[in-house]
Amino acid sequence: APLVERDLYGKIPTTSITPPNLTQVYFTTDQRDEIVIEFDQPVKWDDALVGQFNLNADKVKVISGSASGRSVKLKLAGSSTANRCTYLDSSSWSPDKLLRGENGIAALTFCEVPILPNKP
């Protein structure tokens with residue numbers, strides 16, 4: 001509705017009216033046991049989201065997460081060799097476990113996004 005109000009009726013929004021969109025993913029440590037996912041707007045973390053992030057062909061799992069502003073930090077169970085990250089596997093997603101922006105709109109899903117070795 002906020003997009004229609006803006007586009008058709010000229011209403012000027014005072015906050016973001018779009019879903020959070022991924023901008024980059026990178027490892028934060030030399031041990032490759034922590035990943036940061038950055039979005040184009042602030043997001044809110046819920047501990048139920050831990051199982052919604054997958055690293056390609058890697059048995060290392062996400063054990064915890066947190067959000068600060070536009071960044072989500074994922075702590076891994078150990079060192080990872082992964083080079084791609086996916087949010088929301090189509091076979092196991094739940095409408096009760098969605099990453100949301102501070103505006104309450106669910107973040108866009110992403111599949112096999114390259115994980116950079118460190119922050120650019």
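Anything mentioned here points back to the structure above.
Below you will find a few notes about this structure. Everything quoted here is computed from the prediction, not taken from an experiment.

If you walk across this open sheet you meet the four strands as 1-2-6-5, and the pairing is antiparallel. Whereas interior strands pair on both sides, the edge strands pair on one side only; in this sheet they are strand 1 (22-27) and strand 5 (62-68). With strand direction ignored, the average angle separating the axes of adjacent strands in the sheet is 20°. Note that strand 2 (residues 34-39) and strand 6 (residues 71-76) share five bridges and pair antiparallel.

Time to look at unusual backbone geometry. One non-glycine residue with positive phi stands out, namely Arg32, at about 55°. A relative accessible area of 26% means that Arg32 is categorised as partly exposed.

Further remarks concern the pattern of salt bridges. Taken as a whole and assessed by the stated rule, the structure comprises four salt bridges. The partner of Glu5 in a salt bridge is Lys11, with the nearest N and O atoms 3.7 Å apart. Salt-bridge contacts for Lys119 lead to Glu38; the nearest nitrogen and oxygen are separated by 3.8 Å. Here Lys119 is found in the segment after strand 9 (110-114), whereas its partner Glu38 is found in strand 2, with 81 residues between them in sequence. Look at Lys119 and you get exposed, because its relative accessible area is 52%. Relative accessible area serves as the criterion here: at 7%, Glu38 is assigned to the buried category.

Thresholds applied
Residues numbered from 1 in each chain as written. Predicted model: local features only at pLDDT ≥ 70, side-chain atom pairs only at ≥ 80, totals over all residues. Heavy atoms only, no water. Pairing = 2+ DSSP bridges. Helix = DSSP H or I, 4+ residues; strand = E, 2+ residues; numbered from the N terminus. Axes fitted to C-alpha atoms, helices over the stretch in contact; angles between N-to-C directions. Buried < 20%, exposed > 50% of the residue type's maximum accessible area, 1.4 Å probe, protein only. Salt bridge = Lys/Arg side-chain N within 4 Å of Asp/Glu carboxyl O.

Such coordinate-based values are descriptive only and should not be taken to indicate function.
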